[in-house]
There are 2 protein chains.
Amino acid sequence: MTVSRVLNEPERVAPATAHKVRTAIQALGYVPNLLAGGLSSRRSRMIAAMVPTIASPIFSAPIQGFTDRLMQTGYHVMLSLTGYRPDAEAALLPAVLSRRPDALLLTGARRGPALRHMLAAAAIPVVEIWDSGPAFDILVGFDHEEVGREVATFLLAAGHRRFAALAASDPRAEARAGGFLRAVAAAGGQIIETRRLPAPSSMTEGRQALREIAPQLRGRTALFCSSDLIALGAITQARALGIPVPGELAVCGFGDFDAGRAAEPPITTVSVDGAAIGRLAAELLLARLAGATAGPGLRVPFRILPRGST
Amino acid sequence: MTVSRVLNEPERVAPATAHKVRTAIQALGYVPNLLAGGLSSRRSRMIAAMVPTIASPIFSAPIQGFTDRLMQTGYHVMLSLTGYRPDAEAALLPAVLSRRPDALLLTGARRGPALRHMLAAAAIPVVEIWDSGPAFDILVGFDHEEVGREVATFLLAAGHRRFAALAASDPRAEARAGGFLRAVAAAGGQIIETRRLPAPSSMTEGRQALREIAPQLRGRTALFCSSDLIALGAITQARALGIPVPGELAVCGFGDFDAGRAAEPPITTVSVDGAAIGRLAAELLLARLAGATAGPGLRVPFRILPRGST
DNA sequence: TTGTAGGCGTTATCAC
DNA sequence: GTGATAACGCCTACAA
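Residues numbered from 1 in each chain as written. Chains lettered and ligands numbered in written order. Predicted model: local features only at pLDDT ≥ 70, side-chain atom pairs only at ≥ 80, totals over all residues. Heavy atoms only, no water.

1. Here we look at a nonpolar patch on the surface
Together, Val3(A), Leu7(A), Leu28(A) and Tyr30(A) give the surface a local cluster of nonpolar side chains, amounting to about 370 Å² of exposed area. For Tyr30(A), the position within the fold is in the loop between α2 (15–28) and α3 (34–41). (Patch = residues over 30% accessible without salt bridge, like charges linked within 9 Å, V, L, I, M, F, W, Y side chains within 5 Å. Areas by Shrake-Rupley, 256 points an atom, 1.4 Å probe, with all protein chains shown as cover. Salt bridge = Lys/Arg side-chain N within 4 Å of Asp/Glu carboxyl O. Helix = DSSP H or I, 4+ residues; strand = E, 2+ residues; numbered from the N terminus.)

Structure (structure tokens):
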């Protein structure tokens, strides 16, 4: 018990005793067992995070920020990847909860009653990131439909009247495309073509999709892609087909990836600070774990970065 | 005890009993506690992974492959980020080991005696990735000096005689640059300039570095950069200064990032299958945990992708 | 300030 | 095939 105190509340141990304990710890190479500690205290000091993938900067940035912040506090992050499979979260959650994480980070905020019920039963703080909507508990994100609407506004203001969209089959990508198409239609724009791509989608899928829709693209068109990689693929294929970018085809991506910044022309995109989302998510969970009755979380800003592709 | 059997070795329980147990599990919403299980069985079914960052595809790809593979087996991954700080690993390891991971993934294979001693005391399988050298236990990687030498060979064969290098201050980046410079010197090439950049380095640092060395670059020069992002920055700055790429300045990067592939000109680079490294690391650890007395691991191939920047 | 008792929820082991 | 018992190593609560 005294050893436990030296490790966890050293101020409540006499300096001489503490010193003797530390010496023994050194001599024996003692390493405390946090499994036992967690079992006893009912606090594992672990937080589980579930994201579709970390192969894309869209999700590696938040996880980076989240993990970075939590590591400063003695918490550890348990990582689960759901791979864009809609049922993966429900399938993985029981195994995750059996580790008794003190809190949970989830991607998106569109969960059905079954999942909400499991989360409620776990009775731990949950932060949902990278989305808006009816949060289960805490939310740190933004409205994907609004992103689409803002992109529409931006392109309409630039004089475009004919539009197309390519979106990965992921609820948030579809929300961006949906917001875009509705805003464009509401403003009287003409919708030439929309295509759903598999998730995750990359340059290859963007190229392929543009090849398929190219015959429709007669006259100046503005294309909104659900990620910069898709946009890059589309631009590459457009140029291969002799369609001038941005002259005949203006392209806007999403995510502000390095690849889009370095491309020629650089891609107009929507930028979100993913690392900040992760750090904020960590901060709000830590506050809640420290006893705060924090509010439902917050919106983070996004902004359109006009570049050479539009 | 019977419940435990139903969950872990159902074949040793009578079907009728198993069914009754499962019904009760459903009715009660019972979720097993793996902290307690781990404490008792001395197997946590968790594996800890330490990498410098997942903000770069260099490390997010292996972690993706590693986690993907392990999730199929009931193991979970505990992620730690060391941020390129040389002492971070030693500082974080005790906290990691106190969670009693069943195995460890570490980045690089250049550890001092203190760390090796801690690892030995933990007595668990350790896989070191993304490097070669005197492995502590299992190794899955490649030789960074050899990468540098191969790049030198490639550029020499292309007729280059004047060389420069930009490398992030990270032991593996420096090993690549070192191998490159030694091979170039051995072949009688002229070394114009070498620069160390902070780690992590990105386009900004590449631009800045090229601005500084530009005055030395009189005559056709081949530049090796320790990552594609640095190479992209260097190319951007070279063009801003009116230096033709690849005419006056040929540039080779490392990592085969999307950004380099999409750039204009596309960047000549060295490609390594990071996700495969992660999957292999997982596979070897699983084999070891299953009792195999596996060998010391293996080398994975890399290859130079000649593109427009050289 | 230090120490004792008991229990956290599993699994190893042995008995039936 | 099933169950009883005793750890696993720590922390809560209380006592000295």
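2. Topic: helix α4 (residues 57–71) of chain B
Residues separated by three or four positions in an α-helix point in the same direction, a consequence of the helix having 3.6 residues per turn. All names here are of chain B. In a regular helix each residue adds 1.5 Å, so 15 residues correspond to 21 Å; α4 covers 20 Å between its end C-alpha atoms and thus fits that length. Counting buried residues in α4 gives eleven out of 15 residues, a clear majority hidden from the surface. Burial in α4 covers these residues: Ile58, Phe59, Ser60, Pro62, Ile63, Gln64, Gly65, Phe66, Thr67, Leu70 and Met71. (Expected span 1.5 Å × (residues − 1). Buried < 20%, exposed > 50% of the residue type's maximum accessible area, 1.4 Å probe, protein only.)

3. So, the protein's contact with DNA strand C
Within the structure, DNA strand C sits among 21 residues, and Arg5(A), Thr17(A), Ser4(B), Tyr30(B) and Ser40(B) are positioned closest to it. Among the atoms of DNA strand C close to the protein, meaning within 4 Å, 61% are from sugar or phosphate groups. With respect to DNA strand C, the side chain of Asn8(B) contributes an N or O atom lying 3.0 Å from a phosphate oxygen. One of the backbone nitrogen or oxygen atoms of Ala36(B) is found 3.5 Å away from a base nitrogen of DNA strand C. At the level of secondary structure, the elements contributing two or more residues to the surface near DNA strand C comprise α1 (2–8) and α3 of chain A together with α1 (2–8) and α3 (34–41) of chain B. Examining the composition of the surface near DNA strand C, we find that four residues originate from one element, α3(B), more than from any other. (Near = heavy atom within 4 Å. Polar contact = N/O pair within 3.5 Å; in protein donor to acceptor, adjacent residues only side chain to side chain.)

4. A few points about the state of the cysteines
For the structure shown, the criterion picks out zero disulfides over all chains. With no disulfide of its own, Cys252(A) has Cys225(A) as its nearest cysteine by sulfur position, at a separation of 8.2 Å. (Disulfide = S-S within 2.5 Å.)

5. Section: the pattern of salt bridges
Applying the stated criterion across every chain yields a total of 29 salt bridges over all chains. As a salt-bridge pair, Arg172(B) and Asp170(B) come within 3.4 Å of each other at their nearest N and O atoms. There is no split in this pair, since Arg172(B) and Asp170(B) are both buried. Through salt bridges with shared partners, one network takes in Asp256(A), Asp258(A), Arg261(A) and Arg307(A).

6. Observations concerning the domain arrangement of chain A
Interface size is commonly expressed as the accessible area that is lost once the parts come together. Per the domain assignment, the segments of chain A are domain 1 (1–32), domain 2 (41–142 + 274–301) and domain 3 (144–272). Using C-alpha coordinates to define each centre, domain 1 of chain A is positioned 34 Å away from domain 2 of chain A. (Domains from an automatic or database assignment.)

7. Comments concerning the relation of the copies chain B and chain A
When chain B is fitted to chain A, the residual RMSD is 0.0 Å, and the transformation amounts to a turn of 180 degrees plus an axial shift of 0.0 Å. Both chain copies can therefore be described as sitting about a two-fold axis. Proximity to the rotation axis, assessed at the C-alpha, singles out Ala259(B) in chain B; its C-alpha lies 1.7 Å from the axis. By residue overlap, the copies meet face to face through one surface: 100% of the interface positions of chain B are interface positions in chain A. (Least-squares fit on C-alpha atoms with pLDDT ≥ 70 in both. Contact = heavy atoms within 4.5 Å.)

8. A short note on the protein's contact with DNA strand D
Within the structure, DNA strand D sits among 19 residues, and Ser4(A), Tyr30(A), Ser40(A), Arg5(B) and Thr17(B) are positioned closest to it. Restricting the count to atoms of DNA strand D within 4 Å of the protein gives a sugar and phosphate share of 64%. Tyr30(A) places a polar side-chain atom, nitrogen or oxygen, 2.6 Å from a phosphate oxygen of DNA strand D. The separation between a base oxygen of DNA strand D and a polar main-chain atom of Ser40(B) is 3.5 Å. Going through the elements one at a time, α1 and α3 of chain A together with α1 and α3 of chain B are the ones with two or more residues in the surface near DNA strand D. Per element, the largest residue contribution to the surface near DNA strand D is four residues, and it comes from α3(A).

9. Points about the pairing of strand β1 (residues 46–51) of chain A
Residues and elements named next belong to chain A. Among the six residues of β1, six are classified as buried, and the element is accordingly described as predominantly covered. Neither face of β1 is exposed, since Met46, Ala48 and Met50 on one face and Ile47, Ala49 and Val51 on the opposite face are all buried. Looking at chain direction, β1 and strand β2 (residues 76–81) are connected through six bridges and run parallel. Each bridged residue has a counterpart across the sheet, and for Ala48 the counterpart in β2 is Met78. Handedness of the crossover is the feature at issue here: the chain leaves β1, passes through helix α4 (residues 57–71), returns alongside β2, and the resulting connection is right-handed. Where β1 meets strand β3 (residues 103–107), four bridges bridge the pair, whose relative direction is parallel. When the sheet's bridge partners are listed, Ile47 is paired in β3 with Ala103. (Pairing = 2+ DSSP bridges. Right-handed = clockwise from strand over helix to strand, strands pointing away.)

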